[in-house]
Amino acid sequence: MTWVTWRQYRNQGALAAALLAALTVVLLITGLHAAQVWHSALAGCMKHNSCGNLSLSNTAFTTLVAATSAVPLLAGMFWGAPMVAHELETGTNQFAWTQSVTRRHWLAVRTGWLLLAAAVLAGAVSALVTWWMGPDHALNADAFKTNRFDITGIAPVGYAIFAMALGICAGMLLRRTVPALAVTLAGFAGIRELFALWLRLHYMTPVTVYYTLTAPFTPKGSYLAVSQGIVGPNGQPPVGTGNNYVFNGEPIPAVCQTAIQHPASIASCMAAHGYRGYLTYQPASRFWAFQGIETGIFVVLAAVLLGVTFWVLKRRDA
Amino acid sequence: MTPVIETSGLTKRYRRVTALSDCTVSVPEGRISALVGPNGAGKTTLLRLLAGLAAPTAGRAAVLGAAPRQDPAYLAEIGFLAQEIPLYRRLTAQDHIGIGAHLNPRWNGESVRDRLAGLKIPLDRPAGTLSGGQRAQLALALTLAKRPRLLLLDEPLAALDPLARRDFLAALAEAAAGGDLTIVLSSHLIADIERVCDHLILLAGSRVQLCGDTETLLAEHRILAGPRKDTTAIARAHVIVREDTTARQTTLLVRLNGPVIDPAWAVEEPDLEEIVLGYMGQDEAGHGAGHGEARLSAVGEDR
């Protein structure tokens, strides 16, 4: 069965390997350049905090790197979704399932190899990107941000396994490649958004820091902001919160209305009247814990989808 | 000796449609059985149930002594060729031989190469680029290379031109010559496969109408033709399968329970096709309303 899987997928495997090799070359060249810029900056302008808008690389390459977030999805759509669906659609499953191998074995072996291939591909791309992003993350401390967290570390491996399982399961249930592709696309994008924008913020109880408005607080390193705002003297947030609360045309506390002529003094006025800023966030030290949790959740989701796939395979006629 | 195939009350329902109902058939070892019936009669369903690709709703099937199941040992005994002749379009014959070699314990890849060489079918071209006849030959060769004890072929001739049909049936007859391979092949036209078959299963309206060795069936049936008259006397002694009446003449297909004595009837031996057509109209009610019947009646009145 391993040989059969290899025979059927070696072209796609070669294509993926070629794309990975091309990406490796591009990222190695541009990444080494960025590292060099970064190191000379560290020795030079960083010491005097005078680097200004230090440019580590061309935006084209930044865009390319951002696009690697699609790797797990593409694997799910073009390896996962057709894996069962294409066989059912063309009837070749009737050939495969009447050789001297059970359907279960057939599905288990090819699922295993394709999951492994997708995980290795996503892992390799993510390792490259993590390295490439190193100087940028050190400079801007944004590794924990949504669109960075998602393309670095081990999370892409979890996404790839999930996308594959989603594709395989959709193909098994829908029995048609194109609908399975569509469901994989929509399902993967939806679930990923749900986690990235909402659920991830709450994997651990966030830390809340209160600070005086005159000395805004920024955590060390790359943090994940959950919420930020202002609380009044009574500890309750005033109406209208947000980063730009004071300067946003929102009601300014009545006591500080007179300060409105001198915007710079509003913060000190509010601070004097007991207003404090707060930041609720996940500190940088939790980055790898969050990577682990996120990966774990997606692997568990994948396991559930594969469980459904095997159950349907057993219960339904070929 | 136990039959290779034995089913009793085998039934398959898909939501509201009953594809096969109460199917009880038996096929002895070494037979080439023609599974015939109009489109939608349940032929494919029966073959898929026997191959273990589908599970019955009710009843049971025994193939080579046990129920069809997902088990390598069982699957190794069965050769199945689906109607659409599914092969991997991008893979060559050589690739298919490789797949078979990796998935089957008794694989005979050499036999496929020999057969394809004999038919001048290239080993190194993607299956999708072969002609329908070549694909069918390749698929049959692959199925035979498993060395199955039971070969299930679903409408293998449907896509073939007359020459390819002849070649295909010749290959089949050759494979069966050893005597320990049992073959069931379906077709909606008995004429196509009459030549190679020595057993017949007739399905119509999802039910079995007829099952037995062709020799026995031929011996049991007669066509009686005579002036238009009351048939109750015949019906008392024999089973009237079908009755066609015109203004002047009555033609009967009967299943005999002894000799026909009344000299008013001209007795003829039917061929297999006439028997099959005679039974084809039989639906659940046992007479009358099937589409096969309607067509046959129209023909009868023209005469």
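Residues numbered from 1 in each chain as written. Chains lettered and ligands numbered in written order. Predicted model: local features only at pLDDT ≥ 70, side-chain atom pairs only at ≥ 80, totals over all residues.

Now for the domain arrangement of chain A. All names here are of chain A. Examined at the domain level, chain A breaks down into domain 1 (2-203 + 286-315) and domain 2 (207-282). Here domain 1 and domain 2 have C-alpha centroids that lie 40 Å from each other. With 9 residues of domain 1 in contact, the opposing surface of domain 2 contributes 6 residues. (Domains from an automatic or database assignment. Contact = placed C-beta atoms within 7 Å.)

When two helices pack together, you describe them by how their axes are tilted relative to each other and by the distance separating the axes. Residue and element names in this part refer to chain B. At their nearest, the axes of helix α5 (residues 132-145) and helix α6 (residues 162-176) sit 10 Å apart, and the two run at 10° to each other. Looking at the two axes, α5 sits roughly parallel to α6. Residue-level contacts link G133, A136, Q137, L140 and L144 of α5 to A164, D167, F168, A171 and A175 of α6. When grouped by side-chain class, the residues that make up the contact of α5 with α6 number 7 nonpolar, 2 polar and 1 charged. (Axes fitted to C-alpha atoms, helices over the stretch in contact; angles between N-to-C directions. Helix = DSSP H or I, 4+ residues; strand = E, 2+ residues; numbered from the N terminus. Parallel < 35°, antiparallel > 145°, perpendicular 65-115°, else oblique. Nonpolar A, V, L, I, M, F, W, Y, C, P; charged D, E, K, R; others polar.)

A word on the interface of chain B and chain A. If you look at the interface, chain B gives 24 residues, while chain A gives 19 residues. Every element with two or more residues in the side of chain B that touches chain A is listed here: α2 (72-77), β6 (78-81) and α3 (93-103) of chain B. The dominant element in the side of chain B that touches chain A, judged by the number of residues it contributes, is α3(B), at 6 residues. Looking at the side of chain B that touches chain A residue by residue, the classes come out as 16 nonpolar, 5 polar and 3 charged.

Bringing the sheet that holds strand β10 (residues 207-213) of chain B into the picture now. Residues and elements named next belong to chain B. One open sheet accounts for 6 strands, arranged β6-β7-β8-β4-β9-β10; its pairing is mixed. The sheet is open, and its two borders are formed by β6 and β10, each paired with just one other strand. Here the average twist between neighbouring strands, direction ignored, is 15°. The pairing of strand β7 (residues 150-153) with strand β8 (residues 182-187) spans 4 bridges and is parallel. Note on β8: the bridge partner recorded for L150 is T182. (Pairing = 2+ DSSP bridges.)

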